[in-house]
Each structure stands twice: as C-alpha cells, then as structure tokens.
Amino acid sequence: MKSRRRPAFGVLIYFAIAFGLGAYFTFAAVQGDYGLFRRAEIESGEAELRKQLAVLDGQVDRMENLTRRLSDTYLDLDLLDQQARDVLGMLRADEIVIR
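Residues numbered from 1 in each chain as written. Predicted model: local features only at pLDDT ≥ 70, side-chain atom pairs only at ≥ 80, totals over all residues. Heavy atoms only, no water.

A few words on the overall build of the protein chain. Per the secondary structure count, the protein chain includes three helices and zero strands. When the elements of the protein chain are put in sequence order from the N terminus, they spell out α-α-α. Computed over its C-alpha atoms, the radius of gyration of the protein chain comes to 36 Å, more than 25% above the 13 Å expected for a compact globule of 99 residues. Taken over the C-alpha atoms alone, the protein chain extends approximately 125 × 35 × 15 Å along its principal axes. Total accessible area on the protein chain is roughly 9800 Å²; 61% of this is exposed by carbon and sulfur atoms. (Helix = DSSP H or I, 4+ residues; strand = E, 2+ residues; numbered from the N terminus. Rg over C-alpha atoms; globule rule 2.2 N^0.38 Å. Areas by Shrake-Rupley, 256 points an atom, 1.4 Å probe, with all protein chains shown as cover.)

As structure tokens, this is what we get:
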C-alpha cells in the first residue's frame, strides 16, 4: 500500500497570513498616514513655512521700526513727512506734481 502524504495546509496558511500581514505593514509604513511619503511631504511643507515665517518676521521688524520712529518718545520728521505725503496726499507749497 502506498502512503500518500497530505500537504501541510496549516503551514501554507500560516505563511500566507504572515506574508499578507508583512505586506500590509510594509505598505502602511511607506504610504500610510504616518508613512515615509507623508513624512517627506510634512518636512517639505515645514521648510516652506519656515521661509514664510522668516519673511513675516522681517515685515514685523520693519513695522515695529516704523512704529517706534513715529512714537511720542522718538519722532522721525522725515518719516512723518513721507507718511503725510503718502497717506494724506499732502504737498508743500513749493512743490509741483507731475502725473
């Protein structure tokens, strides 16, 4: 009598499940919400936001300087004259406007 050996389906199923889980977690680690691609997107966004922050800091410093120069404790007459010309459209009597 010939002895037939049954294939070990349990081992085959075990390896199929292990491979499936490994593939799932690898995919999630690369392309998931917290994966490598998402991290690269966040880091590039961070660099862009840091550039914007530097520009905004420069603008804030400029505004603080202009505000200090027009304050009661320190008045810059040239800046006051410039602001009066720009905002109010004022001119001196001896000036001519060319448009």
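Back to the write-up after that little detour.
Another aspect to go through is the environment of Leu79. Mapped onto the elements, Leu79 comes out in helix H3 (residues 77-88). On the accessibility criterion, Leu79 (3% relative accessible area) is buried. In this structure, the C-alpha to C-alpha distance between Leu79 and Glu46, residues 33 residues apart in sequence, is 37 Å. Beyond its immediate sequence surroundings of up to four residues, Leu79 is in contact with Leu66, Arg69 and Leu70. (Buried < 20%, exposed > 50% of the residue type's maximum accessible area, 1.4 Å probe, protein only. Contact = heavy atoms within 4.5 Å.)

By the definition in use, this model includes two aromatic pairs. For the ring pair Tyr14 and Phe15, a centre distance of 5.5 Å and an interplane angle of 70° mean the geometry is edge-to-face. On the accessibility criterion, Tyr14 (56% relative accessible area) is exposed. Taking 5.2 Å as the distance between ring centres and 65° as the angle between the ring planes, the aromatic pair formed by Tyr24 and Phe25 counts as edge-to-face. (Phe/Tyr/Trp six-rings, centres within 6.5 Å; stacked < 30°, edge-to-face > 60°.)

Here the focus is the environment of Gly45. Among the structural elements, Gly45 can be located in helix H2 (residues 36-69). Separated by 27 residues in sequence, Gly45 and Ala18 place their C-alpha atoms 36 Å apart.

With that settled, consider H3. Here H3 spans 16 Å end to end across twelve residues, near enough to the 16 Å set by a 1.5 Å rise per residue. A positive phi of about 70° marks Gly89, the residue just after H3. (Expected span 1.5 Å × (residues − 1).)

With that settled, the discussion passes to a nonpolar patch on the surface. Taken together, the side chains of Phe9, Leu12, Ile13, Ile17, Leu21, Tyr24 and Phe25 present a nonpolar region at the surface, about 790 Å² in accessible area. For Ile13, the position within the fold is in helix H1 (residues 9-31). (Patch = residues over 30% accessible without salt bridge, like charges linked within 9 Å, V, L, I, M, F, W, Y side chains within 5 Å. Salt bridge = Lys/Arg side-chain N within 4 Å of Asp/Glu carboxyl O.)

Attention shifts here to the pattern of salt bridges. Within this structure, the stated rule accounts for six salt bridges. Its salt-bridge partner being Arg38, residue Glu41 comes within 3.3 Å of it at the nearest N-O pair. Pair noted here: Glu41 and Arg38 are both in helix H2, with a separation of three residues, about one helical turn. When its relative accessible area of 40% is taken as the criterion, Arg38 is described as partly exposed.

Across the protein chain, pLDDT averages 88, with 96% of residues at or above 70. Across the protein chain, the element-wise mean pLDDT spans from 84 in H3 up to 94 in H2. (pLDDT = per-residue confidence, 0-100.)

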